[in-house]
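Coordinate analysis (summary)
Here is how the chains run, residue by residue.
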Amino acid sequence: MRLVTYGERGEERLGALVDGGRYVLDLNIASHGSIPPDPIAFLDGDYWDLARKVISQPAADVEPAALIEADSVRRGAPIPEPRTIIALGLNYRDHAEEGGQPVPPNPLLFAKAPAATIGPYDDIVYPPQVTQLDYEAELAIVIGKRAKNLTPEQAWNVIAGYTVINDVSARDIQFSESQWFRAKSFDTFAPMGPCLVTPDEIGDPQNLRIWCDVNGERLQNSTTANMIFKIPEIVAFISQVFALRPGDVIATGTPAGVGVFRKPPRLLQVGDIVETGIEKIGILRNQVIAP
Ligand code: MG
């Protein structure tokens, strides 16, 4: 299943991509109101079985108002307002090396403000107080169940699915402060989507191509196989710290090739088109605009 949201910012409604992605099926309308339109309420209430039933019903039985052409509407992040965004620093060996940083002994956790989340095709706003804007292609885990003190084996059971996140970063601020929260949390610094793909459609999440293109030039090109800490270890480790909740998002770190460490540096400029992709999930396409 490929879950999406659509609609204006703050009013996004849950849908599923159908017909090869041509249409969004509004799950609330298609279920005659049984499935809530809010994705976190969907996860909280565990509506998966009903959603599968609604998606698989014959086309002739679908309420016409429930089918929306995917290209005709604004698309939101699959979780437009995550409860928490936890991110990992230095989780790809080549990225730690390009920055001259030692590989951390444990997953290095930091937070991004959930309000920084934007849709897969929304604009990234270049903040006036930032001088070094950068991209980071990352696989994001979406949590689907409440969970505490998991083992790595148990961690798979609480993952609702996977999506793409661009961990947009203000390097000048990141490198001048010991806490990364401000540098990572400006409005629009978390483009996410284009859909939440359930684990059954992903296969092995540690074997996915991941890339970032700026104006068509490939600047990051790796595979999730290169993560230092793997998905079940990451989820279990975080659950030892705080109870995970449906709608929490975990950004699993970025591979080498970020702009600030390229020679010469390739930082983002107003007008750039940033395309962040992961195999089997899709591509974010965001333009950098002036404030
Ligand atoms: Mg990152």
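Being a predicted model, the structure only gives us computed values, none of them experimental.

Right, let's get into the coordination of the magnesium ion. Surrounding the magnesium ion are the protein donor atoms E136 (OE), E138 (OE) and D167 (OD), which sit 2.0 to 2.1 Å from the metal. Donor residues for the magnesium ion, ordered by position in the chain, follow E-x1-E-x28-D. Placement of the pair is E138 in strand β11 (residues 137–143) and D167 in the loop between β12 (159–166) and β13 (169–170), with a sequence separation of 29 residues. One exposure class covers both E138 and D167, and it is buried.

The next subject is empty space enclosed by the protein. The tally for this structure, following the rule as stated, stands at one cavity of 30 Å³ or more. Its volume calculated, the largest cavity comes out at about 50 Å³. Lining the largest cavity are L3, V4, L14, P39, F42, L43, P78, I79 and L196. Broken down by secondary-structure element, the contributors of at least two residues to the lining of the largest cavity are β1 (2–6) and α2 (39–45). Ranked by the residues each element gives to the lining of the largest cavity, the list is headed by α2, at three residues. Across the lining of the largest cavity, the residue classes tally to nine nonpolar, no polar and no charged.

All right, on to helix α3 (residues 48–55) then. Buried within α3 are the following residues: W48, A51 and V54. For α3, the angular spread of the buried residues around the axis is 125°, confining them to a single face. Residues D49 and K53 are exposed on α3 and point more than 90 degrees away from its buried face. Buried residues along α3 sit against β1, β3 (23–26), α1 (27–30), α2 and β12.

The next subject is the nonpolar core. L3, L27, F42 and V235 are the most contacted members of the largest nonpolar core, which totals 88 residues. It is β11 that contributes the most residues to this core, six residues altogether. Here this core spans two domains, and each of domain 1 (2–75) and domain 2 (85–289) adds at least three residues to it. Ignoring sequence-local partners within four residues, the contact set of V235 consists of I141, I143, L150, A155, V158, I159, L244 and I250.

What counts, and where the lines are drawn
- Residues numbered from 1 in each chain as written.
- Predicted model: local features only at pLDDT ≥ 70, side-chain atom pairs only at ≥ 80, totals over all residues.
- Heavy atoms only, no water.
- Donors = N, O, S within 2.8 Å, 3.2 Å for Na, K, Ca; no water.
- Helix = DSSP H or I, 4+ residues; strand = E, 2+ residues; numbered from the N terminus.
- Buried < 20%, exposed > 50% of the residue type's maximum accessible area, 1.4 Å probe, protein only.
- 1 Å grid on protein atoms, 1.4 Å probe; cavity = no way out; pocket = protein on both sides within 12 Å on 5 of 7 lines; lining within 4 Å.
- Points joined across faces, edges and corners; volume = space filled by probe spheres on them.
- Nonpolar A, V, L, I, M, F, W, Y, C, P; charged D, E, K, R; others polar.
- Arc of directions from axis to C-beta.
- Contact = heavy atoms within 4.5 Å.
- Core = buried A, V, L, I, M, F, W, Y, C linked by side-chain atoms within 4.5 Å.
- Domains from an automatic or database assignment.

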